[in-house]
Amino acid sequence: MTLHEVLVQICRLAGRAPPRIRMPHAALLPLAYGAETLARLSGRGTRVTVEAVRMSRKHMYFSSAKAARELGYSWRPPAAAFEDALAWFRAQQMLGRPRRRPA
């Protein structure tokens, strides 16, 4: 799955609108530095970090073959894992209740 596909699926499961625009890396990186600076000065968090922007450019591929072979792991659809993660974040009060499910 691409990062965009992951984000779209998670947003839909969370009842949020998926990202509508794509910004070039050259525009996001300075915004991330600014957001991190404001977060440090204010003591608050930020939604965009320099590391996240840098990682978003990477093409990362993963295989669960070793976990299956050595630990008996069995694969399941990503949507199931996303739903479990959202439930956990909600239980930890780190994520609000879903607003609506976009079509």
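Residues numbered from 1 in each chain as written. Predicted model: local features only at pLDDT ≥ 70, side-chain atom pairs only at ≥ 80, totals over all residues. Heavy atoms only, no water.

1. Side note on the packing of aromatic side chains
This is how the line gets drawn: Side-chain rings of Phe, Tyr and Trp, where Trp is taken by its six-membered ring, are said to pair if the distance between their centres is within 6.5 Å; with planes under 30 degrees apart they count as stacked, over 60 as edge-to-face, and otherwise as tilted. Burial classes follow relative accessibility: with a 1.4 Å probe on protein chains only, a residue under 20% of its type's maximum area counts as buried, one over 50% as exposed, and anything between as partly exposed.
This structure, assessed with the given rule, holds one aromatic pair. Arranged with centres 5.1 Å apart and planes meeting at 85°, the rings of tryptophan 88 and phenylalanine 89 form a pair that is edge-to-face. Residue phenylalanine 89 is classed as partly exposed on the basis of its relative accessible area of 34%.

2. With respect to the packing of helix H1 (residues 3–14) against helix H5 (residues 78–91)
As a reminder of what qualifies: Between the N-to-C directions of two axes lies an angle of 0 to 180 degrees, each axis being a line fitted to C-alpha atoms and, for a helix, fitted only over the stretch in contact. Elements are defined by DSSP. Helices are runs of H or I of four residues or more, strands are runs of E of two residues or more, and each kind is numbered from the N terminus. Angular relationships are summarised with four words: roughly parallel below 35 degrees, roughly antiparallel beyond 145, roughly perpendicular across 65 to 115, and oblique for the angles in between. Take the far helix as your reference; a near helix turned counterclockwise from it by less than a right angle gives a left-handed crossing, and one turned clockwise gives a right-handed crossing. In this analysis, two residues are considered to be in contact whenever any of their non-hydrogen atoms come within 4.5 Å of each other.
For the pair H1 and H5, interaxial distance at closest approach is 10 Å and the crossing angle is 55°. Considering their axes alone, H1 and H5 lie oblique with respect to each other. Regarding H1 and H5, the two cross each other, and that crossing is right-handed. Counting all contacts with H1, which are made through Val6, Gln9, Ile10, Leu13 and Ala14, the residues of H5 involved are Ala79, Phe82, Glu83, Leu86 and Arg90.

3. Some remarks on the layout of surface pockets
Unfilled space is identified by rolling a water-sized probe across the atoms. To be explicit about the condition: Think of a 1 Å grid over the protein atoms and nothing else: a 1.4 Å probe that fits but is trapped marks a cavity, an open set flanked by protein within 12 Å on at least five of seven lines marks a pocket, and residues with an atom within 4 Å of a point count as lining. Grid points are joined across faces, edges and corners, and a volume is the space filled by probe spheres set on the points.
The volume enclosed by the largest pocket comes to roughly 2200 Å³. Lining the largest pocket are 45 residues, with Leu3, His4, Val6, Leu7 and Ser56 positioned closest to its centre. Secondary-structure elements contributing two or more residues to the lining of the largest pocket are H1, helix H2 (25–42), helix H3 (50–56) and H5.

4. Some points on unusual backbone geometry
One can expect most non-glycine residues to show negative phi and most peptide bonds to be in trans. The phi angle at glutamine 93 is positive, at roughly 60°, despite the residue not being glycine. Structurally, glutamine 93 is set in the segment after H5. The class for glutamine 93 is exposed, based on a relative accessible area of 74%.

5. Digging into the environment of alanine 39
Mapping alanine 39 onto the fold places it in helix H2. Along the primary structure alanine 39 and glycine 72 are separated by 33 residues, whereas in three dimensions their C-alpha atoms are 42 Å apart. Aside from chain neighbours lying at most four places away, what touches alanine 39 is Arg44, Gly45 and Thr46.

6. Notes on a nonpolar patch on the surface
Just so we agree on the cut-off: Each patch is built from residues lacking any salt bridge and having more than 30% relative accessible area; the joining distance is 9 Å for like charges and 5 Å for nonpolar side chains (Val, Leu, Ile, Met, Phe, Trp, Tyr). With residues, only the protein chains shown are counted as cover, and all accessible areas are computed by Shrake-Rupley using a 1.4 Å probe. Salt bridges are identified by distance alone: a Lys or Arg side-chain nitrogen within 4 Å of an Asp or Glu carboxyl oxygen.
Together, Ile21, Met23 and Leu31 give the surface a local cluster of nonpolar side chains, amounting to about 310 Å² of exposed area. With respect to the helices and strands, methionine 23 occurs in the loop between H1 and H2.

7. A word on H2
Where we set the bar: By this rule the span expected of a helix is its residue count minus one, scaled by 1.5 Å. When we speak of the arc, we mean the arc of directions from the helix axis to the C-beta atoms.
With 18 residues, H2 ought to run about 26 Å at 1.5 Å a step, and its terminal C-alpha atoms sit 25 Å apart, in line with that. Of the positions making up H2, those classed as buried are Ala32, Ala35 and Ala39. Within H2, the buried residues cover an arc of 70° as seen down the axis, which keeps them to one side. Turned more than 90 degrees from where H2 packs its buried face, Ala26, Pro30, Leu38, Arg40 and Leu41 sit exposed. In this structure, the buried residues of H2 make contact with H3. Residue glycine 43 follows H2 closely and has a positive phi angle near 80°.

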